Amino acid sequence: MERALTGRVALVTGGGTRLGQAIALGLGRLGADVAVHYASSKAGAKDTAQRIAIDGNRADCFQADLTKVEDLKTLATQVRDVLGPVDILVNSAAGFAREAFEKTSLETLDGQWALNARAPYLLTQAVLPQMREKGRGDVVNIVDIGGVFDAWSQYSAYCMSKAALAALTRSLAVELAPLVRVNAVAPGTVLPPVDLGPETLEALRQRIPQKRFGSPEDVVATVGFLLTGPTFVTGQIVAVDGGRSLG
Ligand SMILES: NC(=O)c1ccc[n+]([C@@H]2O[C@H](COP(=O)([O-])OP(=O)(O)OC[C@H]3O[C@@H](n4cnc5c(N)ncnc54)[C@H](OP(=O)(O)O)[C@@H]3O)[C@@H](O)[C@H]2O)c1
């Protein structure tokens, strides 16, 4: 698997922070040239690109507000101009809105939809011609066990948007085959939100059969497997959750 992605060009959304950053660095370690997308985390994205470039890969960072339709096309064009045609797209950027159903505003609902579901849809559309040009493509969508394998209270807009992204994964795996494989990773808790207190974290941990949170590297390794493993795998949504979604 070492350097198995040499010659590939990957675009990772939300690559300046947390999980997206870990995925971008992981693809770099596998030999890919990496476009690190960010919205506001410019320093993080720059640092990510620099760390990838140390290994001799090409890497650069690109700013875009993925809720703005015009930004999505511009992002795809800019990445192509700098790094060449993209043949790996990892849709990781997302919002995580916690709001009771009755209090969920139109702004929250539309915002979660625009970033978590519409943006991956339109960005995949925008890079597809580049994948055709390259003669191959892989899309990996980062979903969540919430909304896909689990039903969560207080997160209806988020869960709905992630369920939509999971449905898109399966639809595109059929429609874009054999040129493009489309898979998804559904993490459980790997990097908890920073505002969760110790008691909530402990209650969360107790719900996981493995009695521990995962690590970003668990997700990175799964993305790596989907990109470098058996090419007969497509349309799959892999839970990386220590068994939590099994009930
Ligand atoms: N963390 C977990 O344990 C966990 C569990 C299950 C699923 N996931 C999924 O894994 C992915 C990454 O999770 P995370 O916890 O690392 O996310 P996060 O810390 O909440 O980061 C959100 C990312 O989305 C980007 N973003 C926010 N608004 C944006 C906008 N308008 N346009 C473009 N990008 C925007 C941010 O970019 P900037 O920082 O540059 O603004 C940031 O990189 C998400 O899809 C999440 O649903 C995470």
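This write-up is about the structure you can find in this document. Residue positions within a chain follow its written sequence, with the count starting from 1. With the structure being a predicted model, the display of local features is reserved for residues of pLDDT at least 70 and the display and counting of side-chain atom pairs for 80 or more, all residues being used for whole-chain, interface and lining totals.

### Notes on unusual backbone geometry
Reasoning step 1: Between Ala177 and the following residue, Pro178, the backbone shows a cis peptide bond with an omega angle of 5 degrees.
Reasoning step 2: In this model, Arg3 sits at a positive phi of 55 degrees, which is unusual for a non-glycine residue.
Reasoning step 3: For Arg3, the location among the structural elements is in the segment before strand 1 (9-12).
Reasoning step 4: In the Ramachandran plot, Lys211 falls in the positive-phi region, its phi being about 55 degrees despite a non-glycine side chain. Strands here are runs of E lasting at least two residues and helices are runs of H or I lasting at least four, both read from the DSSP assignment and numbered beginning at the N terminus.

### A closer look at the sheet that holds strand 3 (residues 59-63)
Reasoning step 1: Here, a strand pair is defined by DSSP locating no fewer than two bridges between the strands. Spatial strand order, 3-2-1-4-5-6-7: 7 strands in an open sheet with parallel pairing. With partners counted over all chains shown, the strands left at the sheet margins are strand 3 and strand 7 (237-240), one partner each. Taken over all neighbouring pairs, the strand axes of this sheet differ in orientation by 20 degrees on average, direction set aside.
Reasoning step 2: Both strand 1 and strand 2 (residues 33-38) contribute to a ladder of 4 bridges, which runs parallel. Bridged to Leu11 within strand 2 is Ala35.
Reasoning step 3: Helix 4 (residues 106-134) rests against strand 1, strand 4 (88-91), strand 5 (137-142) and strand 6 (180-187) of the sheet, and its axis sits at about 170 degrees to strand 4. To obtain each axis, a line is fitted to C-alpha atoms, and for helices this fit is confined to the stretch in contact; angles are then taken between N-to-C directions over 0 to 180 degrees. The contact criterion used here is simple: two residues whose C-beta atoms, placed from the backbone, lie within 7 Å are in contact.

### Remarks on the site of the ligand
Reasoning step 1: Residues are classed as near a molecule or strand if the C-beta position derived from their backbone is within 6 Å of it. Lining the immediate environment of the ligand, one finds 25 residues, of which Gly14, Arg18, Leu19, Ser41 and Ala94 sit closest.
Reasoning step 2: The greatest single-element share of the shell around the ligand, amounting to 3 residues, is contributed by helix 1 (residues 18-29).
Reasoning step 3: Any residue outside Ala, Val, Leu, Ile, Met, Phe, Trp, Tyr, Cys, Pro, Asp, Glu, Lys and Arg is labelled polar, Gly included; the first ten of those are nonpolar and the last four are charged. A breakdown of the residues in the shell around the ligand according to their chemical character gives 12 nonpolar, 10 polar and 3 charged.

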